[in-house]
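Read off the chains here:
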Amino acid sequence: MSIRQPITLLFLICACAAAAMAQDAPATNATPESAPALERRPVETAQPAPFVSLEVPKGTALVVAIDKAVRVAHVGQPVHGRLVEPVYAFDKLMIPVGAEVTGRVIRIDDPSKIARTAAALDADFSPERHAEVEFDHIALSADKSIPMRTIATPGSGRPIEFVSAPAEKTHDGVAEKVKEAKREAKQQWNDAMKQAHEPGKLHRAERYVEAQLPVHPQYIEAGTVYFAELDHPLAFGSEPLTPAMAASLGAQPPNASVIQTRLATPLNSASAHPGDAVEAVITKPLFDGDRLILPQGSRIEGTVVQAQPAHHPARNGQLRIVFRELKLPDGLEEKVQASLEGVESAKRDNVKLDSEGGARATAPPSRYLTTAVAVGLGATSFLGDSFGETGPRAAGGAGGYKLIGIALGLTVHSQPFGMAMGAFGATRSIYGNFIARGHDVDFPKNTSMTIALWQREGGAAPKPPAQSGVSQE
């Protein structure tokens, strides 16, 4: 009995193990109908739609025009202006034209000793000082203001005008589309600048007379434009990138589409060379109907094809650039054919565009008048006794060094002195206006440019830019 009991127990254990294995083994002959069905299958989760950040990035330039004249006196003075160009983020308008911007004077630089000496010789004991400003708040509504930090870029603080390329004489519908776009861009600029209350001719004449006094105040005049770069981004939330929007991005722009850009590469005809890279940022999204083609922040790249510096005698600089490639924020690239149709430039630079988008500096139209006045004063100093001695001497002194010259002409009883001063003034005016080195084309960073995009195949593509042979003034 003692031997059979262990054997029986071992047999029972093996039998139980075999039965358990048989239950766990898969049924190889089971049909789909006999296979057990899952009572609850996992639900496939849909991928969330991508979102686009509506952020005005760091480095974006706010174009601000001073709307109230500021008498430059000390650091910390408040300044007030208005936005003259809208600010977009991707495809949405974030800050409209006319938004109020406030800031302050943060620095006042005194002129150099040489500049002060030259001004004193010309009877000016209040030479111009460079006032640097920053803007720190922008009002989106009557009760909502956004704090910010900005840096005024070089080239800021000047009155600016919109200069457009002359339209070619054609009745082609594509060319008319570009012409209308340029007209609209110029009108929008003029309307925006009306908010700045630019001084009229009478006010400018009063300021000019005031500036001729030996001691006079200095102003930041209404209409002065600053490029204020954001020192940090401005966030306005986000929006979903719909499939329709994603599908339209990067599509070929319609022929003769016009884009608004801001120059990221400063250019000057004195330092630029053919082949230099040029880049501009698209500041306003381009739509084809309801389809978004180019979002804000896209870039257009090109090269300098002609750069001629100013030289003697009174030969002005020239600059010609060509844009050839579009780059979207997601990295998509597209070859384009483009032409410069408009640019915002400082009024005193007297920049002109030709029909092919080439830029050249021109001499100020006032040079003939100022030269005629200087020559007339010089000639008066030679009249001598025919008109008395005091008048001709004073006229000669005025032609030389303004009020100091007049004072010396009245006190120094010497006709040769008056004649010398008059001749000096006439010679200086002739040299400065007709013999000295001319003016260069200067497009500082953040210069606004209007660019037309043409279809590379078919359409009305413009003629290739000329490499030479452009007349100068």
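S.K.: Just checking my understanding: could you explain the overall build of the chain for this structure?
M.R.: Tallying secondary structure elements over the chain gives eight helices and 27 strands in all. A burial count over the chain gives 40% of its 473 residues as buried. Across the chain, every contact between residues at least 6 apart in sequence was considered, and the portion connecting residues at least 24 apart equals 72%. When the accessible surface of the chain is split by element, carbon and sulfur atoms take 59% of a total near 26000 Å².

S.K.: How should the environment of Gly250 be read in this particular structure?
M.R.: Residue position: Gly250 is located in the loop between helix H5 (243-248) and strand E15 (257-263). Each C-alpha atom, one on Gly250 and one on Leu326, is 9.0 Å from the other, the two residues being 76 residues apart in sequence. Here Gly250 is in contact with Ile293, Leu328, Leu332 and Glu334, once residues within four sequence places are set aside.

S.K.: Sorry if this is basic, but what is going on with a nonpolar patch on the surface here?
M.R.: Together, Ile430, Tyr431 and Ile435 make up an exposed nonpolar region whose accessible area comes to about 250 Å². Along the chain, Ile430 falls in helix H8 (residues 415-435). Under the relative-accessibility criterion, Ile430 is labelled partly exposed at 34%.

S.K.: Just to check I follow, could you spell out the pattern of salt bridges for this structure?
M.R.: In a structure, side chains of opposite charge can pair up when their charged atoms sit close to one another. Applying the stated rule across the entire model yields 22 salt bridges. Notably, a salt bridge pairs Lys92 with Glu239, separated by 2.6 Å at the nearest N-O pair. Residue Lys92 is located in strand E6 (residues 92-95), and its partner Glu239 is located in strand E14 (residues 234-240); the two are separated by 147 residues in the primary sequence. We classify Glu239 as buried; its relative accessible area is 9%. Of the charged contacts, one joins Lys327 and Glu333 as a salt bridge, the two residues approaching to 3.8 Å between their closest N and O atoms. Overall, Lys327 belongs to the partly exposed group, its relative accessible area being 25%. One connected set of salt bridges, linked through shared partners, spans Asp67, Arg82 and Glu100.

S.K.: Please clarify how the packing of aromatic side chains should be interpreted in this entry.
M.R.: We describe a pair of aromatic rings using the distance from one ring centre to the other and the angle between the two ring planes. What the rule picks out here adds up to one aromatic pair. Both rings, one in Phe135 and one in Tyr226, keep their centres 6.0 Å apart while their planes meet at 65°; by these two values the pair is edge-to-face. Separated by 91 residues along the polypeptide, Phe135 in strand E8 (residues 130-141) and Tyr226 in strand E13 (residues 224-230) bring together distant segments of the chain. Given a relative accessible area of 1%, Phe135 falls into the buried group.

S.K.: Help me understand the nonpolar core in this model?
M.R.: Soluble globular proteins: nonpolar side chains tend toward being buried together. One finds Phe135, Leu294, Ile300, Phe323, Phe443, Met449 and Ile451 to be the most contacted residues of the largest nonpolar core, which totals 68 residues. Apart from residues lying up to four places away in sequence, Ile451 is in contact with Ser257, Val258, Ile259, Thr261, Ile300, Phe323, Ala338, Ser339 and Leu340. In terms of nonpolar packing, the next biggest core, distinct from the first, is built from 12 residues, Ala65, Val84, Ile160 and Phe227 among them.

S.K.: Would you take a moment to explain unusual backbone geometry for this structure?
M.R.: Most peptide bonds take the trans configuration, and most residues that are not glycine carry a negative phi. The linkage connecting His312 with the following residue, Pro313, adopts the cis geometry, with an omega of -10°. Structurally, Pro313 can be placed in the loop between strand E20 (299-308) and strand E21 (318-327). Even without being glycine, Ala256 reaches a positive phi, approximately 70°. Considering the arrangement of structural elements, one finds Ala256 in the loop between H5 and E15. Backbone geometry at Asn350 places phi at a positive 50°, although glycine is not the residue there. Within the secondary structure layout, Asn350 lies in the loop between strand E23 (337-346) and strand E24 (351-353).

S.K.: Explain the pairing of strand E19 (residues 291-294) to me, please; I cannot follow it from the model alone.
M.R.: Looking down a regular strand, the side chains alternate between one sheet face and the other. Sheet topology note: the strand E18 (residues 286-288)/E19 ladder contains three bridges and is antiparallel. Bridging from a neighbouring strand, Asp288 pairs with Arg291 of E19. Hairpin remark: E18 followed by E19, antiparallel, with two residues in the connecting loop; positive phi at Gly289, about 70°.

S.K.: Just to check I follow, could you spell out the confidence of the model for the chain for this structure?
M.R.: Keep in mind that low pLDDT regions are not for reading the predicted coordinates in detail. Mean pLDDT over the chain: 79, with 74% of residues reaching 70 or higher. In this model residues 458-473 is a low-confidence stretch, pLDDT under 50, and it forms 40 contacts with partners more than four residues away in sequence or in other chains.

S.K.: Would you explain the side chain of Ser345 in this entry?
M.R.: Within the element layout of this structure, Ser345 appears in strand E23. You can call Ser345 buried: its relative accessible area is 2%. For Ser345, the residues in contact, after removing those within four places along its chain, are Pro159, Ile160, Glu161 and Val351.

S.K.: What's the story with helix H3 (residues 173-194) in this structure? I'm lost.
M.R.: Owing to its 3.6 residues per turn, the α-helix aligns residues three or four sequence positions apart on the same side. Taking 1.5 Å per residue as the helical rise, H3 with its 22 residues ought to reach 32 Å, and the 32 Å between its terminal C-alpha atoms agrees with that figure. Taken as a whole, H3 has its buried residues at Val178, Ala181, Lys182, Ala185, Trp189, Ala192 and Met193. Taken end-on, H3 shows its buried residues confined to a sector of 105°, consistent with a single buried face. Structural note: H3 exposes Gly173 and Lys194 on the side pointing more than 90 degrees away from its buried face. In this structure, the buried residues of H3 make contact with strand E2 (61-66), strand E11 (158-164), E13, E15, E23 and strand E27 (448-454).

S.K.: How should I be thinking about the environment of Thr261 in this particular structure?
M.R.: Tracing the backbone through its elements, the reader meets Thr261 in strand E15. Judged by its relative accessible area of 1%, Thr261 is buried. Between the C-alpha atoms of Thr261 and Lys284, which are 23 residues apart in sequence, the distance is 7.4 Å. With sequence-adjacent residues up to four places away left out, Thr261 is seen in contact with Ala280, Val281, Ile282, Thr283, Ile300, Thr447, Ser448, Met449 and Ile451.

S.K.: I keep staring at the environment of Thr60 and nothing clicks. Help me out?
M.R.: Within the secondary structure, Thr60 sits in the loop between strand E1 (51-56) and E2. For the pair Thr60 and Gly297, spaced 237 residues apart in sequence, the C-alpha to C-alpha distance is 9.5 Å. Residue contacts for Thr60: discarding those within four places in its chain leaves Ala228, Glu229 and Leu230. At a separation of 2.8 Å, a polar atom in the side chain of Thr60 contacts the main-chain carbonyl oxygen of Pro57.

The rules behind these values
Residues numbered from 1 in each chain as written. Predicted model: local features only at pLDDT ≥ 70, side-chain atom pairs only at ≥ 80, totals over all residues. Heavy atoms only, no water. Helix = DSSP H or I, 4+ residues; strand = E, 2+ residues; numbered from the N terminus. Buried < 20%, exposed > 50% of the residue type's maximum accessible area, 1.4 Å probe, protein only. Contact = heavy atoms within 4.5 Å. Areas by Shrake-Rupley, 256 points an atom, 1.4 Å probe, with all protein chains shown as cover. Patch = residues over 30% accessible without salt bridge, like charges linked within 9 Å, V, L, I, M, F, W, Y side chains within 5 Å. Salt bridge = Lys/Arg side-chain N within 4 Å of Asp/Glu carboxyl O. Phe/Tyr/Trp six-rings, centres within 6.5 Å; stacked < 30°, edge-to-face > 60°. Core = buried A, V, L, I, M, F, W, Y, C linked by side-chain atoms within 4.5 Å. Pairing = 2+ DSSP bridges. pLDDT = per-residue confidence, 0-100. Expected span 1.5 Å × (residues − 1). Arc of directions from axis to C-beta. Polar contact = N/O pair within 3.5 Å; in protein donor to acceptor, adjacent residues only side chain to side chain.

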